[in-house]
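# Overview (structure and organization)
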Amino acid sequence: MSLEDGGEEEQLLSHNTQCLDPTATASSTSSSSGTRPDSDDDVPAELQDLKSNAILLAQGHKSAMQRSFSPLAALSFGFSITNSWVGYLSCFGQNLAYAGPNSVVFGLLVAAALQWIITLGLSEIAACFPSSGGQYHFVFILAPKKHRKFAAFLVGWMNILGWSVALCSGVSVVVASISGLIAFWNDAYQATQWQSFLIYLAVAVLSLAPLFLSPRLIPTIVQIGVAFSVTGLVLVFYLVLALRKQSRPLSYVMSSFHGTSGWSIWPAWVLGVTNSMYAFSATDAVIHVAEEMKNPERRLPQALNVTMMIGFVTAFPLFLLMMLSVADVDAVLKSRLPYAELFYQITGSKTITTLMACWVTVALFFSVIGEWVTCGRLTWAFSRDRGLPYSAYFSHVSERFRFPVRATLLTLAFCSFYGLLYLVSTTAFNSIITSAVLYLNITCAIPQALVAVRGRKNVLPEHAFDLGWVGYLCNYLSPLLVFVVGILVCLPPELPVTQQNINYTPVVLVGLSLAVLGYWYVAGSEFEGPKIDWDVLKNIKII
């Protein structure tokens, strides 16, 4: 297959396709000194960008946006979205209902290990094929020729749906925090569905605004968001440690399996692990700004795995401390904003609790800004490969704003219409969110399954971030883990099952999958996938 016409990038595609090595070019500029750069860090930034653009060109696309994300900005972007300690505050109450404080603490530990296996394997593939398309792009490259278009199309839609609904989830969590804080001060307050919907729209528009008001400052904004989050963590940890009214022994957490879900202990505990995985969801976010990163071949796996590390290091100690300081688990479960009730039990002050809760809410708001960026870039990337209706329109990058405005506004339209479910059924709204988190992990597992089945040496080019035997472990375990998690998230959260607590996730999964399959049979022939130069890609060396 032929490549699009490229300018300077083609100079780096050597005639024998042996290697894309910026140090070779750099050495020619420094021949007078007889030296050669020892690492990528010694190579001028312009040559690194040329190398990255050339690798992208070999994968079928020209660079369309400026590489404005430094290594720190890329890491900040990933963590600003995952934001584990803040994200877990929004959902740990379900763990309490499943199996008590033990599930909150050790469910988080197991969830981190499982999600890290999935993320680690994906990060190696991302280092080999850096593209804003992410998982569908990987699948197109890795799948057998006969099935690559269908597989990539399916994964692309799953990824877009998963991220779009995850964005809606982020917005709804901010809404729940705002409404919960009002109810914390006024027990009689009960937001109507219309009020919740209007707050939802307001949060969506306000969080999207920075992309239009200061598009060039997005890398800086996400770094500010991470600094705000980490500062908040230190503040919350210090206040909990200094003001807690009681200190339970570690044996309390080790042996406390008090649950109210109706499930027996061990099934409930396993279900708690699946809920805890929400704290580490959406780790693939940074992949979708790969084409705006400096040196993504090296920096992508760093950003992905350091995001996981920071997520665990920030979340686990905090929740262990809080579970050792909780006074009344039942009161936390009955609260409309469980983390606010927990803060209040520990500090005994409504003012301090409000300060902490407001800080958490703003940190959650910062997360949504990054989610808009991710959804817009992913939708744009899939459009340029003709995966969406009206792809020519939505694959446009605005010259004024220098990002895919149309694809981002399409995401806003989806988010707004999805929010109407607030007016119909909050149960259905939440079930679709659960499905979205599963969809994201499925898209992370499918490329790894292809690598496992087809053989790492057969499908991966030579690359710096080579996991070796650990890669085999990740590639085989990830699909298995996601399969098991997929079964678990389809189970009802409570027993006995009633109309109020029924889990619609299986219905949603089947419905969305049938819709995507239906669209494939109607318009799948229009999907092209990236126009890859397979000769170059098979011999390329990602260094």
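Reading the values: rules and limits
- Along each chain, residue indices are assigned from 1 in the same order as the chain's sequence is written.
- Side-chain atom pairs in this predicted model are given and counted only at pLDDT of 80 or more, local residue features only at pLDDT of at least 70, and totals for whole chains, interfaces and linings cover all residues.
- Hydrogens and waters are ignored; side-chain quantities use all the structure's heavy atoms.
- Numbering of helices and strands starts at the N terminus; helices are DSSP runs of H or I of at least 4 residues and strands are runs of E of at least 2.
- For each residue, the accessible area found with a 1.4 Å probe, counting protein chains only, is set against the maximum for its type, and the residue is called buried under 20%, exposed over 50%, and partly exposed in between.
- In what follows, residue pairs with any heavy atoms lying within 4.5 Å of each other are defined as contacts.
- We get accessible surface area from the Shrake-Rupley algorithm with a probe of 1.4 Å; when it comes to residues, only the shown protein chains can shield them.
- Every case where a carboxyl oxygen of Asp or Glu lies within 4 Å of a side-chain nitrogen of Lys or Arg is listed as a salt bridge.
- As a per-residue measure, pLDDT tells how confident the predictor is, with possible values from 0 to 100.
- Working definition: a ring pair exists when centres of Phe, Tyr or Trp rings (six-membered ring for Trp) sit within 6.5 Å. Plane angles under 30 degrees give stacked, over 60 give edge-to-face, the rest tilted.
- Only Lys NZ and Arg CZ are tested; either one counts as a charge over a ring when it is within 6 Å of the ring centre and within 35 degrees of the ring normal.
- Take the number of residues in a helix, subtract one, and multiply by 1.5 Å to get its expected span.
- The bend reported for a residue corresponds to the angle between axes fitted to the seven residues ending at that residue and the seven starting there.
- Patch membership requires more than 30% relative accessible area and the absence of a salt bridge. Residues of like charge join within 9 Å; the nonpolar side chains Val, Leu, Ile, Met, Phe, Trp and Tyr join within 5 Å.
- Axis definition: a line fit to C-alpha positions, over the contact stretch in the case of helices; interaxial angles, taken between N-to-C directions, run 0 to 180 degrees.
- In this scheme, a crossing is called left-handed if the near helix is turned counterclockwise away from the far one by less than a right angle; it is called right-handed if the turn is clockwise.
- Each angle is binned into one of four classes, with values under 35 degrees roughly parallel, values over 145 roughly antiparallel, values of 65 to 115 roughly perpendicular, and all other values oblique.
- Basically, the charged four are Asp, Glu, Lys and Arg, the nonpolar ten are Ala, Val, Leu, Ile, Met, Phe, Trp, Tyr, Cys and Pro, and anything else, Gly included, counts as polar.
- We define a polar contact as two N or O atoms separated by no more than 3.5 Å, with the added condition that, inside protein, one atom must be a possible hydrogen donor and the other a possible acceptor, whereas residues neighbouring each other in sequence contribute only through side-chain atom pairs.

### Some thoughts on the overall build of the chain
- If you tally the helices and strands in the chain, you get 23 helices and 2 strands.
- Expressed as a percentage of the 543 residues in the chain, the buried residues total 59%.
- Sequence-distant contacts, at least 24 apart, represent 82% of the contacts inside the chain between residues at least 6 apart.
- Per element, the accessible surface of the chain, about 21700 Å² overall, is 63% carbon and sulfur.

### Here's the deal with the pattern of salt bridges
- The final tally for this structure, using the stated rule, is 7 salt bridges.
- With a shortest N-O distance of 3.0 Å, Glu297 and Lys51 are connected by a salt bridge. With Glu297 in helix H12 (residues 296-323) and Lys51 in helix H2 (residues 45-58), this pair connects stretches of sequence that are 246 residues apart.
- On the basis of relative accessible area, Lys51 is assigned to the buried category, the value being 1%.

### Considering the confidence of the model for the chain
- Averaged over every residue, the pLDDT of the chain is 88; residues scoring 70 or more account for 89%.
- In this model residues 1-38 is a low-confidence stretch, pLDDT under 50, and it forms 75 contacts with partners more than four residues away in sequence or in other chains.

### Things to note about the packing of aromatic side chains
- Under the counting rule described, the total for this entry stands at 25 aromatic pairs.
- A ring pair is formed by Phe150 and Trp520, whose centres lie 5.3 Å apart and whose planes are at 70°; its orientation type is edge-to-face. Taken together, the positions of Phe150 in helix H7 (residues 148-185) and Trp520 in helix H22 (residues 505-523) put the pair 370 residues apart, joining distant regions of the chain.
- The class for Phe150 is partly exposed, based on a relative accessible area of 32%.
- A centroid spacing of 5.7 Å and a plane angle of 80° characterise the contact between Phe184 and Tyr344, whose relative ring orientation is edge-to-face. In this pair, Phe184 is assigned in helix H7 and Tyr344 in helix H14 (residues 338-347), connecting sequence segments 160 residues apart.
- Looking at Tyr344, the relative accessible area reads 31%, which means it is partly exposed.
- Chaining the aromatic ring pairs together yields one cluster made of Tyr136, Phe150, Phe153, Trp157, Phe382, Tyr519, Trp520 and Phe527.
- Sitting over the face of the ring of Phe140, Arg148 holds its NZ or CZ atom 5.7 Å from the ring centroid.
- For Arg456, the ring lying beneath its charged end belongs to Tyr472, and the centroid distance is 5.3 Å.

### Comments concerning helix H21 (residues 469-489)
- Given a rise of 1.5 Å per residue, 21 residues ought to cover 30 Å, and the 30 Å separating the end C-alpha atoms of H21 matches this to within 8%.
- At Leu477, H21 shows its largest bend, some 30°, and a proline, Pro479, comes one to four positions later.
- For H21, the set of buried residues is Gly471, Cys474, Asn475, Ser478, Leu481, Val482, Val485, Gly486, Leu488 and Val489.

### Things to note about a nonpolar patch on the surface
- A cluster of nonpolar side chains, namely Leu495, Val497, Ile502, Tyr504 and Val507, defines an oily patch on the protein surface of about 390 Å² accessible area.
- Along the chain, the position of Ile502 falls in the loop between H21 and H22.

### Here we look at unusual backbone geometry
- Geometrically, the link from Leu495 to Pro496 is a cis peptide bond, its omega value of -5° lying close to zero.
- If you trace the backbone, Pro496 turns up in the loop between H21 and H22.
- Phi is positive for Ala282, which is not a glycine, with a value near 65°.
- Looking at the element boundaries, Ala282 is found in the loop between helix H11 (265-276) and H12.
- Backbone geometry places Asn295, a non-glycine residue, at a positive phi of 50°.
- Along the chain, Asn295 falls in the loop between H11 and H12.

### Comments concerning the packing of helix H8 (residues 193-213) against helix H15 (residues 350-384)
- Two numbers describe how H8 lies on H15: the axes approach to 9 Å, and their chain directions differ by 65°. Crossing angle aside, the handedness with which H8 passes H15 is right-handed. Residues Val203, Ala204, Leu206, Ser207, Leu208, Pro210 and Leu211 of H8 form the contact with H15, whose own contacting residues are Phe365, Val368, Ile369, Trp372 and Val373.

### Let's talk about the environment of Ala357
- Tracing the chain through its elements places Ala357 in helix H15.
- For Ala357 and Leu181, which are 176 residues apart along the polypeptide, the C-alpha to C-alpha distance reads 7.5 Å.
- With residues near it in sequence (within four places) discarded, Ala357 still touches Leu181, Tyr339 and Phe343.

### Topic: the side chain of Asn95
- Take Asn95: it is sitting in helix H5 (residues 92-128).
- A relative accessible area of 0% means that Asn95 is categorised as buried.
- When neighbours within four sequence positions are excluded, Asn95 is seen to be in contact with Tyr88, Gly100, Ser103, Val104, Gly272, Asn275 and Ser276.

### Here we look at the packing of H11 against H21
- It is the contact of H11 with H21, at a shortest axis distance of 10 Å, that shows an interaxial angle of 110°. Relative to H21, the element H11 lies roughly perpendicular. Where H11 approaches H21, its residues Val270, Leu271 and Thr274 are matched on the opposing element by Val485, Leu488 and Val489.
- Residue classes in the contact of H11 with H21 are distributed as 5 nonpolar, 1 polar and no charged.

### Examining the environment of Ser325
- On the secondary structure map, Ser325 appears in the loop between H12 and helix H13 (329-334).
- A residue is classified by how much of its surface remains accessible, and Ser325, at 1% relative accessible area, is buried.
- Separated by 77 residues in sequence, Ser325 and Arg248 have C-alpha atoms that sit 6.2 Å apart.
- Not counting residues up to four positions away in its chain, the partners in contact with Ser325 are Val240, Arg244, Gln246 and Ile346.
- In terms of polar contacts, Ser325 uses its side chain to reach the backbone carbonyl oxygen of Leu321, at 2.8 Å.

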